[in-house]
Amino acid sequence: MAFNDGLRARQQAHEAGLPYISDGALSKALTEAKQSPAQAWLGEVSAVVLQQALADLNVAYRNFFKSMTGKHKGRNIAPPRFRSRKDNRQAIRFTSNARFKVLDNGRLRLPKIGDVEVVWSRPLPCAASSVTVIADAAGRYLVSFVVDVDTKPLPPRDSDVGIDLGLVHFVVLSNGTKVASPRFLRRAAHKLRKAQQNLARKTKGSNNRKKARRAVAKAHARVADTRRDWLHKLSTTIIRDNQAVYLEDLCVAGLGRTRMAKSVYDAGWAMFVNMLEYKAARAGCTLAKVDRFFPSTRTCSACGRLGEKLPLSVREWVCPCGVSHDRDINAALNVRAAGRADLNDRGAQVRPVVMLAQRGEAVIHPDAVCYTRSVEGISVL
Ligand SMILES: [Zn+2]
């Protein structure tokens, strides 16, 4: 594997006290290695894919160096590690240099692989600059394209909304809408749990265990796909209907909600927020995170008074000012108020983005798992 070969060469140079091997030198070494009989198989893999692996390695190193010198924001980054063939997900990327092509008959032509039948989840909006083929743990092949999309602002709307990421509901909006996690998602999650229990009962190393593991991976993929579809619909609706969207910053919100880690919705939130972010940017809509901690649940959204701490079981309460509150809607109203205030201070921050094709827009190979995605609409909205 080119990634591992390059990493090994650099590690050995480092241990021997030699200088860091430059990107160019590494690439040259790889080209020479292809000529040696032992590594001749490298020649059978598209050269661009190999170069891509090296490019990934270079980026990994650069991020690591930046992190060491403090130039990289965020958490510290570990040095690159060897990639394993046993990884559940395997991926290769082709850039446009690799001359991949989407054919008129809907097939995808990949260098050294051939024409591949593709089930398209949606048409490509324009020519793609790269394509990644992923084999996931459920044995499916997914194709994901990177496309540059012009941001298409929606006409200005005058509504804004605060979102409370709830425990009982998935989200509660300041306009009074409560969005529960849909039944089909709970059903899929239930099936996943069953499959996991079944796996736990199988003897290690047995064929039945292998089968059970495959079943878990399939159930997992199904939950993930279903959830992603649903989150796409929800996030699209929210962005379409509102000029500004406010939500609590999850890291900060987490401070007040330690139980949240155990929430079944946990996995969905980061993805949901991410979808809101890129869809907002694309639609020219403002998305602001309220990044300071405030007790959104027990502050009265009408008079601003701070009430007593509320146990989770209390869903409604009455403020001394006389206004009665639904716990979650009140929280969402407070998020909206805080978001509006922040926005007045900072001014709107809307930036155009280069869009990475989201994983939800990847495509499933027909030979792989076939199931129809029944998606219940989010009728509450
Ligand atoms: Zn009040």
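Cut-offs applied
Residues numbered from 1 in each chain as written. Predicted model: local features only at pLDDT ≥ 70, side-chain atom pairs only at ≥ 80, totals over all residues. Helix = DSSP H or I, 4+ residues; strand = E, 2+ residues; numbered from the N terminus. Buried ≥ 20, exposed ≤ 12 C-beta atoms within 10 Å, placed from the backbone. Contact = placed C-beta atoms within 7 Å. Pairing = 2+ DSSP bridges. Expected span 1.5 Å × (residues − 1). Arc of directions from axis to C-beta. Axes fitted to C-alpha atoms, helices over the stretch in contact; angles between N-to-C directions. Parallel < 35°, antiparallel > 145°, perpendicular 65-115°, else oblique. Left-handed = near helix turned anticlockwise from the far one by under 90°. Nonpolar A, V, L, I, M, F, W, Y, C, P; charged D, E, K, R; others polar. Core = buried A, V, L, I, M, F, W, Y, C linked by C-beta atoms within 7 Å.

Draft legend 1. Local environment of the overall build of the protein chain. A count of helices and strands for the protein chain gives eight helices and 14 strands. Each of the 381 residues in the protein chain was classed as buried or not, and the buried ones make up 25%. A sequence separation of at least 24 residues applies to 66% of the contacts in the protein chain between residues at least 6 apart.

Draft legend 2. Examining the sheet that holds strand β8 (residues 171-173) more closely. With mixed pairing, five strands are arranged side by side in an open sheet as β9-β8-β7-β10-β11. Edge strands, defined here as strands with exactly one partner in the open sheet, are β9 (178-179) and β11 (286-290). In terms of strand pairing, strand β7 (residues 160-165) meets β8 through three bridges, oriented antiparallel. When the sheet's bridge partners are listed, Asp164 is paired in β8 with Val172.

Draft legend 3. Geometry of helix α1 (residues 2-15). With 14 residues, α1 should cover 20 Å at 1.5 Å per step; its first-to-last C-alpha distance of 20 Å lies within 8% of that length. Along α1, the positions that sit buried rather than exposed are Ala2, Gly6 and Leu7. Taken end-on, α1 shows its buried residues confined to a sector of 130°, consistent with a single buried face. The exposed set on the far side of α1, more than 90 degrees from its buried face, consists of Arg8, Gln12 and Glu15.

Draft legend 4. Structural detail: the packing of helix α4 (residues 183-200) against helix α5 (residues 207-241). Relative orientation of the contacting elements α4 and α5 amounts to 165°, with a least axis distance of 9 Å. Classed by the angle they form, the pair α4 and α5 counts as roughly antiparallel. For α4 against α5, the interelement crossing comes out left-handed. Counting all contacts with α4, which are made through Phe184, Leu185, Ala188, Ala189, Lys191, Leu192, Ala195, Gln196, Asn198 and Leu199, the residues of α5 involved are Arg209, Ala212, Arg213, Ala215, Val216, Ala219, His220, Arg222, Val223, Thr226, Arg227 and Trp230. Across the contact of α4 with α5, the residue classes tally to 13 nonpolar, four polar and five charged.

Draft legend 5. Representation of the environment of Met275. On the secondary structure map, Met275 appears in helix α7 (residues 266-283). With sequence-adjacent residues up to four places away left out, Met275 is seen in contact with Leu231, His232 and Ser235.

Draft legend 6. The arrangement of the pairing of β11 in detail. With four of five residues buried, β11 lies mostly within the body of the structure. As paired strands, strand β10 (residues 244-248) and β11 are joined by five bridges and run parallel to one another. The residue bridging Tyr246 from the neighbouring strand is Ala288, located in β11.

Draft legend 7. Up close: the nonpolar core. Among the nonpolar cores identified, the biggest contains 33 residues, and Ile163, Val245, Tyr246, Leu276, Ala280, Ala332 and Val335 are the most heavily contacted of them. Looking at this core, the elements that each hand over two or more residues are β7, β8, α5, β10, α7, β11 and α8 (327-346). If we skip the residues at most four places from it in the chain, Ile163 touches Val171, Leu173, Val245, Tyr246, Leu247, Ala332 and Val335. The next biggest cluster of nonpolar side chains, apart from the first, holds 11 residues, and it includes Ala98, Val131, Val143 and Phe145.

Draft legend 8. A look at the sheet that holds strand β4 (residues 114-116). Across the sheet, three strands lie side by side as β2-β3-β4; this open sheet has antiparallel pairing. The outermost strands of the open sheet, each flanked by one partner alone, are β2 (101-102) and β4. Pairing between β2 and strand β3 (residues 108-110): two bridges, direction antiparallel. Paired with Val102 across the two strands is Leu108, which belongs to β3.

This is a description of form; function is not addressed.
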